[in-house]
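So the chains spell out like this:
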Amino acid sequence: MCGIAGFVGSEPAAPMVFKALTRLEYRGYDSAGLATISRGHLWHKKGVGKLPEVQAQLNLDKMPGTVGIGHVRWATHGAVTDANAHPHLDCRGRIAVVHNGIIENYQELRASLSPTHRFLSETDSEVIPHLIEAHMAQGMSLEDACYHTSRQLKGSYAFLAIAASEPDKIVACRQDSPLVVGHSQGRCFIASDVPSFLEHTNQVTYMEDGEMVVLVPGQATFYNGLKGDLREPLAKEVSQIDWTLEDISKQGYDYFMLKEIMEEPTTIRRALEQDRQLVMDAAMDILRARQVVITACGTSRYAALIGRYLFSKLAGKFCDVVMASEFQYFSDSVDKNTLVIAVSQSGETADVMEGVRRAKANEAQVLSIVNTQGSSVARASDRVIYLDCGPEMAVAATKSFVSQLAVFYLLAYAMRSRLDEGIAKLKAAAGAIERELKDNFKKVERLAEVTKDRADYYFIARGANFAIATEGALKLKEISYIHAEGMPAGELKHGTLSLIEDGTPVVVICPQDYTHAETLSNAMEARARGAYIIGVSDADHEAFHEWIRIPQTEEVFYPLVTVIPLQLLAYYLALARGLDPDHPRHLAKSVTVK
Ligand code: AGP
């Protein structure tokens, strides 16, 4: 999972590409680099560190030329070193390539090239410029060479290539990794996602697997690489994106994560503006399907677990939730009578996409719940419900989670033919969250300060709230690097209780619902063994050392309100420990490798 970007036009490319990379940092931030062409010469600079660190040392945005490509890396093959950073070059330093994905057959390709080519890195990606070099040495153009190279690659890739011998041109190929082209008068943009060039254009074309594009100033020509015909350009649709620059800026907040948490009441309301017919049709599909399987990863999977609960509780429809990375082991049971619901903020998660492919191969119907417009999961689905919560820039998912919940609520109410009631109740919940946000800041911030040096955190809950406990633990691990576990409250005494020491923080999620009394008993058990109990509830209790108050709501809506203090807790713990909550180490926002 890396971010790649390219620009060709008549003005300097490096500032354009550099700016695009600043927007792609969520996809990888262990090293960065750029290549440009000027006066027949290929320039390249790259180094280890977050983009601002590399920029401070190398002035990436000052490189000459009107064509350029750039990369932010999330290491897969090879350590985080200058040599492994992209761009990678051919032997003569005349061809540069940036790559996102994994080349599965790189070892055999490298072995076949090694006798005559000089490799400088440990990466899988470096075979690409050398393959292009080998083809161009036989007289091929850059596009022919890229096409033939792409046919030799196994695995996933989105790569951009430039060559000093063919200035003013970028060639790009896509297979299983996202690429989108931005159209603008006299220039062309290309990147892993739309926000990278949104300030210049909202007119975009999404590339499909097997496609290649040749970009020259003001013109993008697409080909279907798989069909092998480079003389027949493809007619491709241009889509208009309705995201704004405001959506992708911090708007005065220090970090995107806090901005995105603060947006949650608004994003719930935005999720409610769905096309009614779409929601009703999707609800009918769910009711009619012989079996329904929801598949997702990470935070999206926790939203799915709550969705499963809502379908069962509100509409009496049982369904299963399968972790997307495990979906392939169950896919034999998926057939044409199955509805697969794929949930993904990015719509580019490789595991989710693989699940969608397998579902389609078995003739199942696919409904996706996705945030990113035009993403791979959305385009591969029979029906799509968009979250419409605007781009989520922080690596930790927050607003997309509550928007996913909002969509599950809508579907569950629609399944009971009570969509209007669902919408009204969700609007009220959004108002309650707005008030809650104001109340909880100070308390959670102080709590983070008090517990910031603890090695472990536990989150316990029962019923649907269990998914919130696991989500709270995931958020905490992800950005504060404190070990955390979320578990059903009743399970604590079956083993984990032995880990409780004096002062171990245990977050007890116990709204006044069907889980209240039993969860409190488990909290008392933990307290009796020295735990420092942080209660997340609408009622105080003697079990709590600290009480984080949430608004009272109807029972089924508690997951919407209990998750927010947990997101804030993770955020403030990251700050208290001197960490950058937007860019946690080793992680990337969009996990496009399996
Ligand atoms: C959430 O904070 C994580 N960054 C991660 O678990 C994420 O939810 C997961 O990778 C799935 O991403 P998706 O929703 O874009 O498919």
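Parameters and conventions
Residue positions within a chain follow its written sequence, with the count starting from 1. Given that the model is predicted, a residue must reach a pLDDT of at least 70 before its local features are reported, and side-chain atom pairs must reach 80 or more before they are shown or counted; all residues, however, enter totals for whole chains, interfaces and linings. Excluded from the side-chain calculations are hydrogens and water; all other atoms, namely the structure's heavy atoms, are used. Segments assigned H or I by DSSP are reported as helices when at least four residues long, segments assigned E as strands when at least two residues long, and all are numbered from the N terminus. As a reference, a globule follows 2.2 Å times the number of residues to the power 0.38, and the radius of gyration itself is taken over C-alpha atoms. With a 1.4 Å probe rolled over the protein chains alone, any residue whose accessible area is under 20% of its type maximum counts as buried; one over 50% counts as exposed, and the rest are partly exposed. Domain boundaries shown here were taken from an automatic or database domain assignment. Residue contacts follow a heavy-atom distance rule, with two residues in contact if any of their heavy atoms lie within 4.5 Å. Defined here as a combined quantity, buried area equals the accessible surface (1.4 Å probe) lost by two parts on assembly, summed across both. Throughout this description, the term salt bridge denotes a Lys or Arg side-chain nitrogen within 4 Å of a carboxyl oxygen of Asp or Glu. Put simply, Ala, Val, Leu, Ile, Met, Phe, Trp, Tyr, Cys and Pro go in the nonpolar bin, Asp, Glu, Lys and Arg in the charged bin, and everything else, Gly too, in the polar bin. In this scheme, strands are said to pair when DSSP sees at least two bridges between them. Orientation is described by lines fitted to C-alpha atoms, with helices fitted over the stretch in contact, and by angles between N-to-C directions that extend from 0 to 180 degrees. Between the rings of Phe, Tyr and Trp (Trp by its six-membered ring), a pair exists once the centres lie within 6.5 Å; its type follows the angle of the planes, with under 30 degrees stacked, over 60 edge-to-face, and the other angles tilted. A ring is considered to have a charge above it if a Lys NZ or an Arg CZ atom is located within 6 Å of its centre and within 35 degrees of its normal.

### So, the overall build of the chain
Piece 1. When helices and strands are counted, the chain shows 16 helices and 24 strands.
Piece 2. Computed over its C-alpha atoms, the radius of gyration of the chain comes to 25 Å, within 12% of the 25 Å expected for a compact globule of 594 residues.
Piece 3. Reported as C-alpha extents along the three principal axes, the dimensions of the chain are approximately 80 × 50 × 40 Å.
Piece 4. Each of the 594 residues in the chain was classed as buried or not, and the buried ones make up 62%.

### Observations regarding the domain arrangement of the chain
Piece 1. On domain assignment, one finds that the chain holds domain 1 (3-244) and domain 2 (256-576).
Piece 2. The interface of domain 1 with domain 2 comprises 14 residues on the first partner and twelve residues on the second.
Piece 3. Summing the contributions of domain 1 and of domain 2, the shared interface buries around 1100 Å²; its carbon and sulfur component is 54%.
Piece 4. Three residues stand out in domain 1 for area buried against domain 2, namely Tyr26, Tyr206 and Trp243, and they jointly supply 49% of the buried area on that side.
Piece 5. Put simply, domain 1 and domain 2 have three salt bridges between them.
Piece 6. When the shortest N-O distance is used, the salt bridge between aspartate 176 and arginine 357 registers 2.7 Å.
Piece 7. For the side of domain 1 that touches domain 2, a count of residues per class yields eight nonpolar, no polar and six charged.

### Some thoughts on the sheet that holds strand 19 (residues 383-386)
Piece 1. Overall, parallel pairing links the five strands, which are arranged 16-15-17-18-19 in an open sheet. Across the chains shown, the open sheet's two edge strands, defined by having one partner strand only, are strand 16 (320-323) and strand 19. Neighbour-to-neighbour, the strand axes of this sheet turn through a mean angle of 20°, independent of strand direction.
Piece 2. When strand 15 (residues 291-296) meets strand 17 (residues 338-344), the two strands line up parallel, connected through five bridges.

### Overview of the packing of aromatic side chains
Piece 1. Summed over the entire model, instances satisfying the criterion amount to eleven aromatic pairs.
Piece 2. Ring geometry for tyrosine 157 and phenylalanine 159: centres 5.8 Å apart, planes at 45°, overall tilted. Comparing tyrosine 157 with phenylalanine 159, the two get one shared label, buried.
Piece 3. Relative to phenylalanine 557, the ring of tyrosine 413 lies with its centre 6.3 Å away and its plane at 5°, an arrangement referred to as stacked. Remark: phenylalanine 557 occurs in the loop between strand 24 (546-549) and helix 16 (558-576) and tyrosine 413 occurs in helix 12 (residues 399-415); sequence separation between them is 144 residues.
Piece 4. On the accessibility criterion, tyrosine 413 (1% relative accessible area) is buried.
Piece 5. A cation over a ring is seen here: lysine 236 above phenylalanine 222, with NZ or CZ 5.8 Å from the ring centre.

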